[in-house]
Amino acid sequence: MTTNLTVSEIINAQVLHKGSEYPISYLSTDSRTIVSGIETLFFALVTSGNNGHNYIRNAYDKGVRSFVISDKNKRYDKYNDATFLMVSDTLEALHTLAASRRDKFRGNVIGITGSNGKTIVKEWLSELLVDDYKIIRSPKSYNSQIGVPHSAWLLDNEADMAFLEAGISQPGEMEKLERIIRPRYGIITNIGEAHQSNFQSVEQKVDEKLKLFKNSEVVIYRKDYPSIDAAVQKMAQENGIVPISWSMMDETADLFIYFVQKIPEGCGIIGQVKERQYAISIPFSDDASVENAISCLAALIAIGKDQDQILERFSTLQPVAMRMEIRQGINQCILINDSYNSDLNSLSIALDTLDQQASADFMPKALILSDIYFSSKSDEDLYAEVAQLVKLRAIERFIGIGPNLTRQSHLFGSNARFFSSTADFLAQLPSLGLNNEVILLKGAREFHFDQIASMLQDKAHETMLEIDMTAMIRNLSYFKSKLKPNVKIMAMVKAFSYGSGMAEIARLLEFHQVNYLAVAIADEGVALRKAGITLPIVVMNPEEHSFDMMFEHMLEPNIYSKRLLDQFLTCAQRNALSSFPIHIKIDTGMKRLGFETEDELHYLLEKVKRGNVLHIKSVFTHLSSSDNPEEDNFTQLQFHRFEKMAKIIQDNTEHQVMKHVLNSAGIERFANNQYDMVRLGIGLYGISSTDPNAVENVSTLKTTISQIREVPKGETIGYGRAGVAKTDMRIATLPIGYADGFNRRLSNGIGKVWINGKLAPVVGTVCMDMCMVNISNIEANEGDRVIVFGKEYPATEMAKALDTIPYEIFTSISQRVKRVYFQE
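Residues numbered from 1 in each chain as written. Predicted model: local features only at pLDDT ≥ 70, side-chain atom pairs only at ≥ 80, totals over all residues. Heavy atoms only, no water.

A. Representation of the overall build of the chain. Looking only at helices and strands, the chain features 26 helices and 39 strands. Taking 28 Å as the expected radius of gyration for a compact globule of 824 residues, we find that the chain reaches 29 Å, a close match to that expectation. When the backbone C-alpha atoms are referred to their principal axes, the chain occupies close to 90 × 85 × 65 Å. Residue pairs in contact within the chain that sit at least 24 positions apart in sequence constitute 66% of those at least 6 positions apart. Summed over all atoms, the accessible surface of the chain reaches about 34900 Å², with 46% contributed by carbon and sulfur. Taking the 87 positively charged and 101 negatively charged side chains of the chain as two groups, their mean positions are separated by 4 Å. (Helix = DSSP H or I, 4+ residues; strand = E, 2+ residues; numbered from the N terminus. Rg over C-alpha atoms; globule rule 2.2 N^0.38 Å. Contact = heavy atoms within 4.5 Å. Areas by Shrake-Rupley, 256 points an atom, 1.4 Å probe, with all protein chains shown as cover. Lys, Arg positive; Asp, Glu negative; His and termini not counted. Charge placed at Lys NZ, Arg CZ, Asp CG, Glu CD.)

B. Summary view of the sheet that holds strand β1 (residues 14-17). Within the open sheet, the 5 strands sit side by side as β1-β5-β4-β3-β2. Their pairing is mixed. Strands with a single pairing partner mark the edges of an open sheet, and in this sheet they are β1 and β2 (26-28). The sheet shows a mean angle of 25° between the axes of neighbouring strands, taken without regard to direction. In this fold helix α3 (residues 90-103) packs onto β2, β3 (40-43) and β4 (66-69), with an angle of close to 140° to the strand it touches most, β3. (Pairing = 2+ DSSP bridges. Axes fitted to C-alpha atoms, helices over the stretch in contact; angles between N-to-C directions.)

C. Inspection of the sheet that holds strand β13 (residues 266-273) at higher detail. In space, the 9 strands of this open sheet follow the order β7-β8-β6-β9-β10-β11-β12-β13-β14, with mixed pairing throughout. Here the strands that pair on one side only, and so sit at the sheet edges, are β7 (135-137) and β14 (276-282). Here the strands of the sheet are splayed against their neighbours by 20° on average, with no regard to which way each runs. As judged from the 7 bridges shared by strand β12 (residues 255-263) and β13, these two strands associate in the antiparallel manner.

D. Examining the pairing of strand β18 (residues 397-401) more closely. Counting buried residues in β18 gives 4 out of 5 residues, a clear majority hidden from the surface. Note: strand β17 (residues 365-370) against β18, 5 bridges, orientation parallel. Looking across to β18, one finds that alanine 366 is bridged to arginine 397. The parallel pair β17 and β18, bridged by helix α12 (residues 379-392), forms a crossover whose chirality is right-handed. Judged from the 3 bridges that link them, β18 and strand β19 (residues 417-419) form a sheet pairing that is parallel. (Buried < 20%, exposed > 50% of the residue type's maximum accessible area, 1.4 Å probe, protein only. Right-handed = clockwise from strand over helix to strand, strands pointing away.)

E. Here's a closer look at the packing of aromatic side chains. In this structure the tally under the stated criterion is 18 aromatic pairs. Pairing tyrosine 60 with tyrosine 79 gives two aromatic rings, centres 4.9 Å apart and planes at 55°, and the pair type is tilted. In this pair, tyrosine 60 is assigned in helix α2 (residues 56-61) and tyrosine 79 in the loop between β4 and β5 (83-86), connecting sequence segments 19 residues apart. Using a relative accessible area of 5% as the deciding quantity, one classes tyrosine 79 as buried. Consider the rings of phenylalanine 639 and phenylalanine 670, whose centres lie 5.4 Å apart with planes at 70°: the pair is edge-to-face. Placement of phenylalanine 639 in helix α23 (residues 632-651) and of phenylalanine 670 in the loop between α24 (664-669) and β29 (677-680) is noted, with a sequence separation of 31 residues between them. Phenylalanine 670 sits in the buried class, given a relative accessible area of 6%. (Phe/Tyr/Trp six-rings, centres within 6.5 Å; stacked < 30°, edge-to-face > 60°.)

F. Here's a closer look at the pairing of strand β6 (residues 108-113). For β6, the tally of buried residues reaches 5 of 6 residues, placing the bulk of the element in the interior. Here β6 runs beside strand β8 (residues 161-165); their pairing, made up of 5 bridges, is parallel. Considered in β8, the bridge of asparagine 108 is made with methionine 161. Two elements, β6 and strand β9 (residues 185-188), share 4 bridges in a ladder whose sense is parallel. Across the sheet, the residue bridging to glycine 111 is glycine 186, located in β9.

G. Quick look at helix α19 (residues 522-530). Residues of α19 that are buried: Ala522, Glu524, Gly525, Val526, Leu528 and Arg529. Glycine 532 lies just past α19 and shows a positive phi near 95°.

H. Up close: the environment of threonine 534. By the secondary structure assignment, threonine 534 is in the loop between α19 and β24 (537-539). What makes threonine 534 exposed here is its relative accessible area of 65%. When sequence neighbours within four positions are dropped, the list of residues in contact with threonine 534 reads Glu510 and Arg529. Of the polar contacts made by the side chain of threonine 534, one reaches the side chain of glutamate 510; its length is 2.8 Å. (Polar contact = N/O pair within 3.5 Å; in protein donor to acceptor, adjacent residues only side chain to side chain.)

I. Spatial organisation of the environment of leucine 517. Mapped onto the elements of the fold, leucine 517 is located in strand β23 (residues 516-519). For the pair leucine 517 and arginine 679, spaced 162 residues apart in the sequence, the C-alpha separation amounts to 9.0 Å.

J. Spatial organisation of the packing of helix α18 (residues 502-511) against α19. It is the contact of α18 with α19, at a shortest axis distance of 10 Å, that shows an interaxial angle of 65°. Every pair of crossing elements has a handedness; the one defined by α18 and α19 is right-handed. Contacts between α18 and α19 involve Met502, Ala503 and Ala506 on the former and, on the latter, Glu524, Ala527 and Leu528. Residues belonging to the contact of α18 with α19 are distributed by class as follows: 5 nonpolar, no polar and 1 charged. (Left-handed = near helix turned anticlockwise from the far one by under 90°. Nonpolar A, V, L, I, M, F, W, Y, C, P; charged D, E, K, R; others polar.)

K. Spatial organisation of the packing of helix α16 (residues 469-481) against α18. Between α16 and α18, the shortest axis-to-axis distance is 11 Å and the interhelical angle comes to 50°. Between α16 and α18, the interaxial angle falls into the category oblique. Remark: the crossing between α16 and α18 carries right-handed chirality. Side by side, α16 and α18 meet where Met469, Met472, Ile473 and Leu476 of the first sit next to Glu504, Ile505, Leu508 and Leu509 of the second. Looking at the contact of α16 with α18, its residues break down into 7 nonpolar, no polar and 1 charged. (Parallel < 35°, antiparallel > 145°, perpendicular 65-115°, else oblique.)

L. Examining the environment of glycine 718 more closely. Relative to the helices and strands, glycine 718 resides in the loop between β32 (716-717) and β33 (723-724). For glycine 718, a relative accessible area of 37% gives the class partly exposed. A sequence separation of 158 residues divides glycine 718 from tyrosine 560, and the C-alpha atoms of the two residues are 48 Å apart.

M. Highlighting the pattern of salt bridges. If you walk through the whole model with that rule in mind, you get 37 salt bridges. Put simply, aspartate 651 and lysine 647 hold a salt bridge, and the shortest N to O gap is 2.7 Å. Here the residue aspartate 651 and the residue lysine 647 both occupy positions in helix α23, the gap between them amounting to 4 residues, near one helical turn. Residue aspartate 651 shares its accessibility class with lysine 647, and that shared class is exposed. (Salt bridge = Lys/Arg side-chain N within 4 Å of Asp/Glu carboxyl O.)

N. Structural detail: the side chain of threonine 700. Within the fold, threonine 700 resides in strand β30 (residues 699-704). Only 3.2 Å separates the side chain of threonine 700 from the side chain of asparagine 697, close enough to count as a polar contact. Once residues within four sequence positions are removed from consideration, threonine 700 is found in contact with Met464, Leu465, Glu466, Ile787, Phe789, Gly790 and Lys791.

O. Representation of the nonpolar core in the model. Counting 132 residues, the largest nonpolar core has Phe412, Leu517, Ile584, Leu614, Ile649, Phe742 and Ile755 as its most contacted members. Sequence-distant contacts of phenylalanine 742, defined by excluding residues within four places in its chain, comprise Ile736, Gly737, Val753, Val762, Val766, Cys771, Val788 and Met798. Counting residues in hydrophobic clusters, the runner-up holds 41 residues, among them Ile135, Ile187, Val218 and Tyr278. (Core = buried A, V, L, I, M, F, W, Y, C linked by side-chain atoms within 4.5 Å.)

P. Structural context of unusual backbone geometry. If you check the backbone angles, arginine 182 has positive phi at about 40° while not being a glycine. Note that arginine 182 resides in the loop between α6 (174-181) and β9. Taking relative accessible area as the criterion, arginine 182 reaches 27% and is therefore assigned partly exposed. The phi dihedral of methionine 554 is positive, around 50°, even though this residue is not glycine. Structurally, the position occupied by methionine 554 is in the loop between α20 (547-552) and β25 (555-559).

Q. Main features of the side chain of serine 28. Mapping serine 28 onto the fold places it in strand β2. Discounting chain neighbours no more than four positions away, the residues touching serine 28 are Ile34, Thr40, Leu41, Phe42, Phe43 and His150.

See below:
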């Protein structure tokens, strides 16, 4: 048994303060997601954007009594019943502890890396083998410097094999992960453009990824990638590793795929290894799924698990839903649909999201769970742990579906309900009275929880805006990495969070510890307060009629003129306020809002000093051209003017006044002008002024094809007969129009949408609720999904077509368009 004191020997730590000895069952690097504190070891990680030592009190208050620390300047004696283990580097200590757990694992470890497909290959291999072997696999996409140690901690000698994935974003990272995973078998799926800007060449990135396998026995790879083939062959010669290749072009590969037949329902694949022929069918026909399936086949052959009964399971592989969706449910419920996988570890992760959503909305929590198949534990031990999780997370309503859960119903208390099948649950659903709750759906694929999701979600307009919350957090991390230590972040959530949905985005940003939020008008700030947001909120455009509302909800105004100052001060005095925080806007060249002269500032300072009614929290300005290198001289002039004016305020104020200037583009381009805080807006949503590949797409506007019709040559299309078929034409009608935010100026070929891998131009005039597109050269059917903008067709391209900016595209999306939130 591992305890907090035996850990000290493993990681070679100094026991700075010794409390009681406790068993360690869980590792944590995030104080917000701690469940069983007394059994948790908290690592205070120090990164470029955060310091885990600042959250020791949070972890302690949640019951944690075992800590790994590296900051010698903090006081720990006030936690007199806790154990503190001092190391020089807490991340390295986490890696060392995880590596020690790997040392004790006797099963086979299969390591998986590559630019794309890692998670799908891991999930499919687990699905193909779970009926015959006890499997452990990385939860979700836990493949980073922090995720891999958490995955390795799950290794249990009751399991036969483990599938662990590893991902890197820069040189030097994989060697650290190899020390933890040390796979016997290795799989590299492919190589692509992800994180390429951090590597000198594709070859360097391949070499870095292959370092995961430097001590492996076998490496499985696709020979059709020349850079991978050359690097694996070199590694085989130098390290004695056995390379096992597959190819669709090279007959000399160990597994040669010579037949692939695609049909709408799936794909048949035939390959050969020496004299043996392998034939599989999969229920997918896209190229990525074919590649992932063949990687799985090659891996099964390599590890000797290629029996016919296993190969037959390829035909029933399920799509890997690599995201958790948050939707509006029936009866004022919120539905969290996590059909990614069903195991104890992913359940714990999904419960973090349930906690986050429920606490923000002050709503009771409900969990609908199916039998869990991916576990090496006995049913009694497994469901005892589930019951403990339900108790610790304060789940008010628990519903179990499946025979195994039903047999263990005695573990869950009298308020829990159990059903032998999904059909039984659906038959009883109307009588359950689900109302005003946050409901987490977590089910194994065999239970078809999509049927439950369909019944529980609010039926909506077919046009929807999908918000990738995982991508947003990665964008936040990217911009954080640009900041110096202790520089704060104000996140801009005005204009309905750039069209993405204000409360949901604010809740996410609060969870990920931004320091401030900014809205345009007071009504937006009030809505956030009513949604449970507690972060400081700045109102950028305060209006006199809203001052009392701002006082009531602690919304801090941007004061930009003498007139506004006098109005706000008078109202504050009338309410007998003291030291109410305000933020001062300086006009340094934008000519929009702000104090511009020294005389105006002295007027401001004199008023603020009188009576101690107002408290200057920050001073800031707005750059006019931070994204344009040709205007850098003017930007530097703005910095100079700002510093001069900010100094006047600071010299006449007793407390420290924060300064902030940089927006998203400024963060990327002016590292020397970060001051005390930056304002992050459009960058959160996937727009970069310097490197589009550095950020990820967040918003995807989707619709469907309502109807397809053939239009003969010479016929006209749409209002005003503006569209004319110059040849026989096939058109699709889409349920999206200018009332949804699809601009009418996109009519007659100006606008395009993405359908089944191709661009389809708009035909005729965009209507209020519909538009028509030309699909003459596209294979499509009614009901097919259409991307209006997203990763495939970026909003920046639509903006160019309209001669505008992405801000306008995002903020124009009507609120009648449903927002659907998902995360990995």
